[in-house]
Amino acid sequence: MDYTQQYQLLNFSQRRHCVLNESRYLKAATAMLMMFSLSAGAWTDDVLLPSTPVMNTTATIPKLPASEILELTLTEAVALGLQQNRTIRSAYLQRISQRFDLIVAEDQFDPQLSLQGRYIATQRDDDHEQLGEVSPTVSISGSLGTRFSLSWTEALNQSGEVGSNHSRGVTFTVVQPLLRDAGKDVATAPLRLARLSEQVHLLGLQSTVSQVVTQIVLSYRELLRAQEQLIIAKEALARSQQLAEVNEALIAAGQMAEFDILQTQADMANRELEVDEAINQREARRLELLHLLGLDINTELQASDPLTAQQVSLDSEEAQHIAKEHQPEYLTQLIAREQVDIQAELAHNQRLWDISLVGGASQLQNRFDNSDYASDRRWDAYAGVQMEIPIGDAGQRRDEVQARVNVLDQALRLTETEQALARDIDDAVRSLDAQWRQYQLAQRAAELSRRALELEREKLSVGRSSNFQVLSQEADLRNAQYASLNTLIAYLNAQTQLDLRLGMTLESWDIALND
C-alpha cells in the first residue's frame, strides 16, 4: 500500500458522497445581494454572492426533532456544521468584499467613464445670465503606464445683454511615463498584488473551514468520550451493587463478617458520585458541540458513531512534501514573499524622476445667436516633455528602505515557517505511531483487568477472596477502561490534527469550498 492509499485511510469511515443545501441564512443574504445587483447594475451574482462549503457525502443532514433525541454520526455533525456554523457564515460573507476588491483591480485597464455637469443662474442689476454645461470623459490606462483621456464638452450660455452662446469641444490627451510609473511591471503591480491578495483570502477561507471542521470533530469525540465514560461508570456501579448482594448472601451464610460490607457500600457511594460527574461532563460536552453546530442549546443531542480505529503508517518526508503543497499557512508565507518583492519594486520606482512624453489635441466651436458676433472653430495640438524631479524627499527614501527591510524580514519568516512545519509534521507523524502503540497496550491491559476481576469475584463467591481484593481489581479495571478509551480518542484526534497540519482536512472530508 503506497503513501497516498495509507493517507486516505485517515478518515475512511467519514468519506461519503452527497451535496449539502445552502442554509436559510445564506439564502436570505443571497436574495438581498441579488436585489442590490439588479438596482445598481454593477455586481454580478456569480462573482459576489456568498455560498457554502460543499461536502461530497451520502449522509444527509437529519431533521431536527421537536422533542426527541437528535442522534448524529460524525459525518452528519460535520455536514451540519458546514451549514450552520457562524464562523463559516461570517467567513463567506467576508468573501463578498474580498471578491469586489479583485473586481476593482481587474478594471484597472478598462475604460473609465465619468460625467460632469453644472447649471448656474446669475442675476445682476441690469442683466441676468444662465450657464448650462455637460462634459463626459473617458479615460483608459495601458499596461505600459500610458494614460489616455478623451472628453467632450457641451455648454450653453444665455445672457440678456450678449445673447446666447453655444459652444462644444473635444479634447484628447496622452501621457507616456518614461521613468516613474513606466513599464509593464510597475503598471500591472496593483493587479498582481490584488490577485495575490485574493489567493491569500482563499487560503484564509480554507484555513477557517478546516479549523472549524477540526473543532467539530474534536468536540464530537469529546461527547463520545463523555458518553463512554458514563457507560463505564454505570457498569461499575452495577458491579458494585452486585458485589453488595453477594456480600449480603455471604453474611447471611455466616461466611463474612457483617462490617466487611462497609467497604462495598462506600464503593457504591463513590460509584454513584462518579455517575453523577459523568452525566455533568456529558452535558458540558453536548452544549459545546451544539454551540459549534449553531443549534439550539436545548436540543437533546447524542453522538452515535462507534469508537473504532485503524492503524495508518505515514512517511515523514512524504508528509512534509504534501504539507508544502497544501498547508494554508505555509502557502500564505510564499505569497507574502511575492507581495513584498512587488512592493519593494514599486517603492524603488517611486524614487525615480517623473519624466513623461505628453501630447494632445482639442477642437472648440462657438456659435453666437447674436449677429454682432461671429461663429468660430479652432484646433489646438501640442506635444512635448514634462518633468518633475524630487529634491530632498526623505519620505520616499524611507519607503524604499522599509520595503527592503520587509523583503529581508519575510525571508526570515519563510525560513522559520519551513522549519516549524518540518518540526510539526515530524512530531505529528511520530506521535501518531506512539498513540497507536499506547492504544494497543491499553486495550490489552483492559482485557486482562476484566479477566482478573472475573476470577477474583468467582473466588469471593466460594470464600477464597475478600472485598478488598475484589474492589482493588475493580479499580484496576475502571482505570484500564478509562485508559483504553482515552488512548483511542487520542489516536483518532492525532489523525485529525495531522490532517490539519498537512492542510488536507478538506480533502479528507471531501469538502469543496464552493467559492
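Residues numbered from 1 in each chain as written. Predicted model: local features only at pLDDT ≥ 70, side-chain atom pairs only at ≥ 80, totals over all residues. Heavy atoms only, no water.

1. What about the nonpolar core?
Moving on, step 1. Counting 30 residues, the largest nonpolar core has Leu 72, Val 78, Val 209, Val 213, Ile 216 and Tyr 220 as the members making the most contacts within it.
Moving on, step 2. Among the elements that take part in this core, helix α7 (residues 189-252) stands out by supplying 9 residues, more than any other.
Moving on, step 3. Excluding residues that lie within four positions of it along the chain, Tyr 220 makes contacts with Leu 72, Thr 73, Leu 74, Ala 77, Leu 289, Ala 303, Ser 304 and Asp 305.
Moving on, step 4. Leu 203, Ala 319, Tyr 330 and Met 504 belong to the second-largest nonpolar core, a separate cluster that totals 28 residues. (Core = buried A, V, L, I, M, F, W, Y, C linked by side-chain atoms within 4.5 Å. Buried < 20%, exposed > 50% of the residue type's maximum accessible area, 1.4 Å probe, protein only. Helix = DSSP H or I, 4+ residues; strand = E, 2+ residues; numbered from the N terminus. Contact = heavy atoms within 4.5 Å.)

2. Observations regarding the side chain of Ser 316
Moving on, step 1. Here Ser 316 is to be found in helix α9 (residues 316-326).
Moving on, step 2. If sequence neighbours within four positions are ignored, Ser 316 has contacts with Ile 425, Asp 426 and Val 429.

3. Thoughts on the environment of Gln 440
Moving on, step 1. Relative to the helices and strands, Gln 440 resides in helix α11 (residues 394-461).
Moving on, step 2. Gln 440 gets classed as partly exposed once you look at its relative accessible area, which sits at 36%.

4. Focus: unusual backbone geometry
Moving on, step 1. Despite not being glycine, Asp 181 shows a phi value in the positive range, around 65°.
Moving on, step 2. Within the secondary structure, Asp 181 is located in the loop between β6 (163-177) and α6 (184-187).
Moving on, step 3. For Asp 510, which is not glycine, the phi dihedral falls at a positive 55°.
Moving on, step 4. Within the secondary structure, Asp 510 sits in the loop between α13 (505-508) and β10 (511-512).

5. Focus: a negative patch on the surface
Moving on, step 1. A cluster of acidic residues, Asp 315, Glu 317, Glu 318 and Glu 325, forms a negative patch at the surface.
Moving on, step 2. Here Glu 317 is to be found in helix α9. (Patch = residues over 30% accessible without salt bridge, like charges linked within 9 Å, V, L, I, M, F, W, Y side chains within 5 Å. Areas by Shrake-Rupley, 256 points an atom, 1.4 Å probe, with all protein chains shown as cover. Salt bridge = Lys/Arg side-chain N within 4 Å of Asp/Glu carboxyl O. Lys, Arg positive; Asp, Glu negative; His and termini not counted. Charge placed at Lys NZ, Arg CZ, Asp CG, Glu CD.)

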